[in-house]
Every structure is written in C-alpha cells, then in structure tokens.
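Next come the chains, spelled out residue by residue.
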Amino acid sequence: MQIKRALKNVSFEDVSKTMFAYEPIWAIGTGMSASPDQAQEVCHAIRQVLAEMYDHETANTIRILYGGSVTGKNCAELFAMKDIDGGLVGGSSLKEDFAKIVGCK
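Residues numbered from 1 in each chain as written. Predicted model: local features only at pLDDT ≥ 70, side-chain atom pairs only at ≥ 80, totals over all residues. Heavy atoms only, no water.

*Asks:* Would you take a moment to explain helix α3 (residues 36-53) for this structure?
*Replies:* One turn of the α-helix equals 3.6 residues, which is why residues spaced by three or four share an orientation. Between its first and last C-alpha, α3 extends 26 Å over 18 residues, near the 26 Å set by a 1.5 Å rise per residue. For α3, the set of buried residues is Ala39, Gln40, Cys43, Ile46, Arg47, Val49, Leu50 and Ala51. (Helix = DSSP H or I, 4+ residues; strand = E, 2+ residues; numbered from the N terminus. Expected span 1.5 Å × (residues − 1). Buried < 20%, exposed > 50% of the residue type's maximum accessible area, 1.4 Å probe, protein only.)

*Asks:* Please clarify how a nonpolar patch on the surface should be interpreted in this entry.
*Replies:* A cluster of nonpolar side chains, contributed by Ile25, Trp26, Ile28 and Met32, occupies part of the molecular surface with about 460 Å² of accessible area. As for its position among the elements, Trp26 is in the loop between β1 (19-22) and α3. (Patch = residues over 30% accessible without salt bridge, like charges linked within 9 Å, V, L, I, M, F, W, Y side chains within 5 Å. Areas by Shrake-Rupley, 256 points an atom, 1.4 Å probe, with all protein chains shown as cover. Salt bridge = Lys/Arg side-chain N within 4 Å of Asp/Glu carboxyl O.)

*Asks:* Hey, could you run me through the confidence of the model for the chain in this one?
*Replies:* Caution applies to low-pLDDT regions: their predicted coordinates should not be interpreted in detail. Of the residues in the chain, 100% have a pLDDT of 70 or more, and the chain-wide mean is 92. At the level of individual helices and strands, the chain shows its lowest average pLDDT in helix α6 (residues 98-102), which scores 91, and its highest in α3, which scores 97. (pLDDT = per-residue confidence, 0-100.)

*Asks:* In this structure, what is going on with the state of the cysteines? I would like to understand it.
*Replies:* Note on terminology: disulfide describes a covalent bond linking the sulfur atoms of two cysteines. Inspection of every chain in the model, using the stated rule, returns one disulfide. With a sulfur-sulfur separation of 2.2 Å, Cys75 is cross-linked through a disulfide to Cys104. Taking the sign of the torsion about the S-S bond as the criterion, the disulfide between Cys75 and Cys104, at about 100°, is right-handed. Remark: Cys104 occurs in the segment after α6 and Cys75 occurs in helix α5 (residues 75-79); sequence separation between them is 29 residues. The exposure classification of Cys75 matches that of Cys104, with both residues buried. No disulfide involves Cys43; its sulfur sits 15 Å from the nearest other cysteine sulfur, which is in Cys104. (Disulfide = S-S within 2.5 Å.)

Shown next as structure tokens:
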C-alpha cells in the first residue's frame, strides 16, 4: 500500500528514475538482518507491485536495495538474490568491514 500511495501520480518516465530501499523495522539499529530468503521475498513483492502499476520492463529497471544490518559477512548472500540490487548501509559504513561491502558481488 505504501508503494501505491507514494507512486500514485508518478509517470513511467519519472518512476524509472527512482530507487527503493527495504529495511525491516525490527532490523533498524538492532544489528539483526533478515535472511537472504526473507529479504528476497519482500524485494520480489515490491517488484511485483511496480510491475502491476507500470509493467514488468519498468519494474525490472528500478533498483531495489536491502537495508537492515548489511555486513561484510552477509552481503554476498543478500546481493546474490534476484530482486536485491544492492544495499542501504547504515552503521556498517562506519566500520572497517565496509570495504568488504563495497566490493561485495
């Protein structure tokens, strides 16, 4: 519902310039992260809503980021998920292992 409300009057042209980030509320500031499968499930649902509102081609061009305690240890598994295009990194950006996240594939 949040996505539909936020994009209510956004054109195809403008939506293609957007980026979405998903972070579970329970992960904010806790150091806890969703499992890669859990994060993928929600990011996939976001992409499905975008496809319903616009079309599949447009939905596939929009970057969806996962935030929620992304670390050098879990970034590879998270970023390997089909609908996770990158990370929204918070506290880990202040730590030494941030370089691992930046180089994560």
